[in-house]
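# A structural walkthrough
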Amino acid sequence: MLEVVNLSKSFELHVSQAGKVNPIQGLSFGIRQGRFLGIAGPSGIGKSTILKCIYRTYMPSSGEIWYESLHEGRVDLALADDRQMIRLRERELGYVSQFLKVIPRVPAVDVVAERLLPFGWSQADARREAEAMLDALRIPWKLWQAFPATFSGGEQQRVNLARAFIVRPRLMILDEPTASLDRDTTAAVVGMLQGMKREGTTMVGIFHDWDVMEQVADEIVDIGRAGGATVRPEREAAAARTE
Ligand SMILES: Nc1ncnc2c1ncn2[C@@H]1O[C@H](COP(=O)(O)OP(=O)(O)OP(=O)(O)O)[C@@H](O)[C@H]1O
């Protein structure tokens, strides 16, 4: 479903004489449909950069990112043009980070509901679905009509999750999606991710909390190790030991 081949990304540093930073150099990995690949490694090594290259927030410096699209066939996301990326983001790719970027003065319920409109949903049905999603993510109903710009960090993160989850993307890209959440909300999000995985969503993600990573990931690429060795979560490793 996703195959990253020899991916490299470097950044030109304009503010100093330091030249370039090259966080990602010749990285390769693949994910099968319905699997969750975790990415681990020390701070600053380039984990978020990989996700941003897949979602094409960043243009890779070189390499290939092959994605099996439902509507567009096999696409190299490293070369796809902007219009194709917009279509794929609207219909197939979900991206959740810690930071919410939305138009100011739009109520939370509409920020979430608007994701369904390109799929032909009516405004009323989309709102009802958005309310159910906000409820599942434990956003109090009193905030549904409020503007997310005024929300706490954890509330904004849940609006972000709701925007991504509501369209049931084929490929979900998660950059520390539970970083500002409390334990109960994190557990609710983990349950929703597991449910989506059972329904066939493919996911790639970074989690600050190793326990959460182990609950959702089928395998973990540790990019701090030479060659990006794959580490299996402990529960799978334990199951394998008893096989
Ligand atoms: N837009 C950018 N311009 C310049 N340098 C960048 C840019 N984005 C990332 N970098 C650099 O690339 C390196 C990797 O950053 P990245 O955010 O991918 O790391 P990370 O592994 O996700 O870190 P953390 O775990 O701390 O979030 C860092 O040295 C960072 O400063």
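Rules used throughout
- Residues numbered from 1 in each chain as written.
- Predicted model: local features only at pLDDT ≥ 70, side-chain atom pairs only at ≥ 80, totals over all residues.
- Heavy atoms only, no water.
- UniProt positions renumbered as here; feature names shortened; annotations may be inferred.
- Salt bridge = Lys/Arg side-chain N within 4 Å of Asp/Glu carboxyl O.
- Helix = DSSP H or I, 4+ residues; strand = E, 2+ residues; numbered from the N terminus.
- Buried < 20%, exposed > 50% of the residue type's maximum accessible area, 1.4 Å probe, protein only.
- Core = buried A, V, L, I, M, F, W, Y, C linked by side-chain atoms within 4.5 Å.
- Contact = heavy atoms within 4.5 Å.
- Near = heavy atom within 4 Å.
- Polar contact = N/O pair within 3.5 Å; in protein donor to acceptor, adjacent residues only side chain to side chain.
- Areas by Shrake-Rupley, 256 points an atom, 1.4 Å probe, with all protein chains shown as cover.
- Patch = residues over 30% accessible without salt bridge, like charges linked within 9 Å, V, L, I, M, F, W, Y side chains within 5 Å.

As annotated in an unreviewed UniProt entry, the chain is Phosphonate C-P lyase system protein PhnL from Paenibacillus artemisiicola. Under Sequence similarities (unreviewed entry), UniProt gives the following word-for-word description of the chain: "Belongs to the ABC transporter superfamily."

Glancing now at the pattern of salt bridges. Scanning the entire structure with this criterion turns up ten salt bridges. Of the charged contacts, one joins Asp 82 and Arg 56 as a salt bridge, the two residues approaching to 3.4 Å between their closest N and O atoms. Of this pair, Asp 82 sits in helix α2 (residues 82–91) while Arg 56 sits in the loop between α1 (47–55) and β4 (62–69); the two residues are 26 residues apart in sequence, bridging distant segments of the chain. What makes Asp 82 exposed here is its relative accessible area of 54%. Arg 127 is the partner of Asp 110 in a salt bridge, and the nearest nitrogen-oxygen pair spans 2.7 Å. Taken together, the residues span a long stretch of sequence, with Asp 110 in helix α3 (residues 108–113) and Arg 127 in helix α4 (residues 123–136) at a distance of 17 residues. Take Asp 110: its relative accessible area is 15%, and that puts it in the buried class. According to the relative accessible area criterion, Arg 127 is partly exposed, its value standing at 32%.

Moving on: the nonpolar core. Phe 165, Leu 174, Leu 193 and Phe 207 are the most contacted members of the largest nonpolar core, which totals 40 residues. Contributions of two or more residues to this core are made by β3 (36–40), α3, α4, α5 (153–165), β7 (171–175), α6 (183–198) and α7 (210–216). Once residues lying within four places of it in the same chain are set aside, the contact partners of Leu 174 are Phe 36, Leu 51, Val 96, Leu 193, Met 203, Val 204, Gly 205, Ile 206 and Phe 207. Membership of the second largest hydrophobic core comes to 30 residues, among which are Leu 7, Leu 37, Leu 51 and Val 204.

Turning our attention to the site of the ligand. Taken together, Phe 11, Pro 23, Pro 42, Ser 43, Gly 44, Ile 45, Gly 46, Lys 47, Ser 48, Thr 49 and Tyr 58 form the complete shell of residues around the ligand. One of the side-chain N or O atoms of Thr 49 is found 2.6 Å from an oxygen atom in the ligand. Side-chain polar atom of Tyr 58 to a nitrogen atom of the ligand: 2.9 Å apart, as the coordinates give it. Protein contacts shield 63% of the accessible area of the ligand, which totals 630 Å² for the unbound molecule. Take the shell around the ligand: its biggest share by element is three residues, from α1.

Let us now look at a nonpolar patch on the surface. Taken together, the side chains of Leu 13, Val 15 and Val 21 present a nonpolar region at the surface, about 270 Å² in accessible area. Its location among the elements puts Val 15 in the loop between β1 (2–13) and β2 (19–31).

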